[in-house]
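Remarks on the overall topology
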Amino acid sequence: MTDPTLIQTDQYLAHPPARVWRALTDTDLLARWLMPNDFKPVVGHRFTFRTEPKPKHGFDGVVHCEVLDLEPERLLRLSWRGGRLDTTVVWRLEPEGRGTRLFLEHAGFDPDDPVQRRTRAILDGGWRSHVLRALEEALATG
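Everything numeric in this text was worked out from a predicted model, so none of it was measured.

1. A few points about the nonpolar core
Counting residues in each nonpolar core, the largest one holds 34 residues, and the members touching the most others are Trp 33, Leu 34 and Trp 91. Top contributing element to this core by residue count: helix H3 (residues 114-141), with seven residues. Apart from the residues lying within four places of it in its own chain, the contact partners of Leu 34 are Phe 49, Trp 80, Trp 91, Trp 127 and Val 131.

2. What to know about the pattern of salt bridges
Considering all chains together, one arrives at eight salt bridges under this definition. One salt bridge connects Arg 101 with Asp 10, and the closest N-O pair in it is separated by 2.9 Å. One end of the pair, Arg 101, is in strand E6 (residues 99-107); the other, Asp 10, is in strand E1 (residues 6-13), with 91 residues separating them in the sequence. Put simply, Lys 54 and Glu 52 hold a salt bridge, and the shortest N to O gap is 3.6 Å. Taking the relative accessible area as the measure of exposure, Lys 54 reaches 37% and is therefore partly exposed.

3. Comments concerning the pairing of strand E3 (residues 62-71)
In terms of strand pairing, strand E2 (residues 46-50) meets E3 through five bridges, oriented antiparallel. In the sheet register, Arg 46 faces E3, and the bridge partner there is Glu 66. Adjacent in sequence and paired antiparallel, E3 and strand E4 (residues 75-82) are bridged by three residues, among which Glu 73 carries a positive phi angle near 65 degrees.

4. Considering the packing of helix H1 (residues 17-25) against H3
Interhelical geometry of H1 versus H3 gives an angle of 115 degrees and a closest axis separation of 10 Å. For the pair H1 and H3, the crossing hand works out as right-handed. Residue-level inspection shows Arg 19, Val 20 and Ala 23 of H1 in contact with H3, the latter providing Leu 135, Leu 139 and Ala 140. Each residue belonging to the contact of H1 with H3 can be placed in one class, and the counts come to five nonpolar, no polar and one charged.

5. Structural notes on the environment of Thr 5
Relative to the helices and strands, Thr 5 is located in the segment before E1. Under the relative-accessibility criterion, Thr 5 is labelled partly exposed at 27%. Residues within four places of Thr 5 in sequence aside, it is in contact with His 106, Ala 107, Gly 108, Phe 109, Pro 111 and Arg 120. In this structure the side chain of Thr 5 is engaged in a polar contact, spanning 2.7 Å, whose partner is the side chain of Asp 3.

6. Observations regarding the sheet that holds E2
If you trace the six strands from one edge of the open sheet to the other, you get E1-E6-E5-E4-E3-E2, paired in antiparallel fashion. Of all the strands in the sheet, the pair left with one neighbour each is E1 and E2. When the angles between neighbouring strand axes are averaged without regard to direction, this sheet yields 25 degrees. With eight bridges connecting them, E1 and E6 associate as antiparallel partners. Counterpart to Gln 11 in the pairing with E6 is Leu 102. Relative to the sheet, H3 contacts E1, E4, strand E5 (85-96) and E6, its axis offset from that of E1 by approximately 15 degrees.

7. Overview of the packing of aromatic side chains
The way to describe two aromatic rings as a pair is by their centre distance and the angle between their planes. Under the defined criterion, the tally for this structure stands at six aromatic pairs. On the numbers, 5.3 Å between centres and 80 degrees between planes, the contact of Phe 47 with Phe 49 is edge-to-face. The class for Phe 49 is buried, based on a relative accessible area of 1%. Grouped by ring-pair contacts, the aromatic residues Trp 33, Phe 39, Phe 47, Phe 49, Trp 80, Trp 91 and Trp 127 constitute a single cluster. The side chain of Arg 92 reaches across the aromatic face of Phe 103, ending 4.2 Å from its centre.

Cut-offs applied
- Residues numbered from 1 in each chain as written.
- Predicted model: local features only at pLDDT ≥ 70, side-chain atom pairs only at ≥ 80, totals over all residues.
- Heavy atoms only, no water.
- Core = buried A, V, L, I, M, F, W, Y, C linked by side-chain atoms within 4.5 Å.
- Buried < 20%, exposed > 50% of the residue type's maximum accessible area, 1.4 Å probe, protein only.
- Helix = DSSP H or I, 4+ residues; strand = E, 2+ residues; numbered from the N terminus.
- Contact = heavy atoms within 4.5 Å.
- Salt bridge = Lys/Arg side-chain N within 4 Å of Asp/Glu carboxyl O.
- Pairing = 2+ DSSP bridges.
- Axes fitted to C-alpha atoms, helices over the stretch in contact; angles between N-to-C directions.
- Left-handed = near helix turned anticlockwise from the far one by under 90°.
- Nonpolar A, V, L, I, M, F, W, Y, C, P; charged D, E, K, R; others polar.
- Polar contact = N/O pair within 3.5 Å; in protein donor to acceptor, adjacent residues only side chain to side chain.
- Phe/Tyr/Trp six-rings, centres within 6.5 Å; stacked < 30°, edge-to-face > 60°.
- Lys NZ or Arg CZ within 6 Å of the ring centre and 35° of its normal.

What follows is the structure, encoded as structure tokens:
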């Protein structure tokens, strides 16, 4: 049974953890596959991602984040707030053969809020298809 409060993905990437880590923490690479940002890999750093606003969903296009935890080449945990969301996103990397197993957990959705349920469904599909595909392309070309 799916937990309505979170999204979880598990993706094998044919690149070593150092390369995947760079794609997660280099502001220019991060912008190529996720969103434009002013990210810095420093615990406590507050930054934003910017994307297209969705006014009918109460989203102005800005995701307000803070780096909550950071273990180079292993873990990146962020607060993720935008519209009605106040959630966390965690990327966990594990070496696997010559590549990396990348786990994503986006947690904190309120299953009793219809807007958050709809947002979770949209983000679930986005994380699984568009975003991970864009990350794979950035890793292959960057």
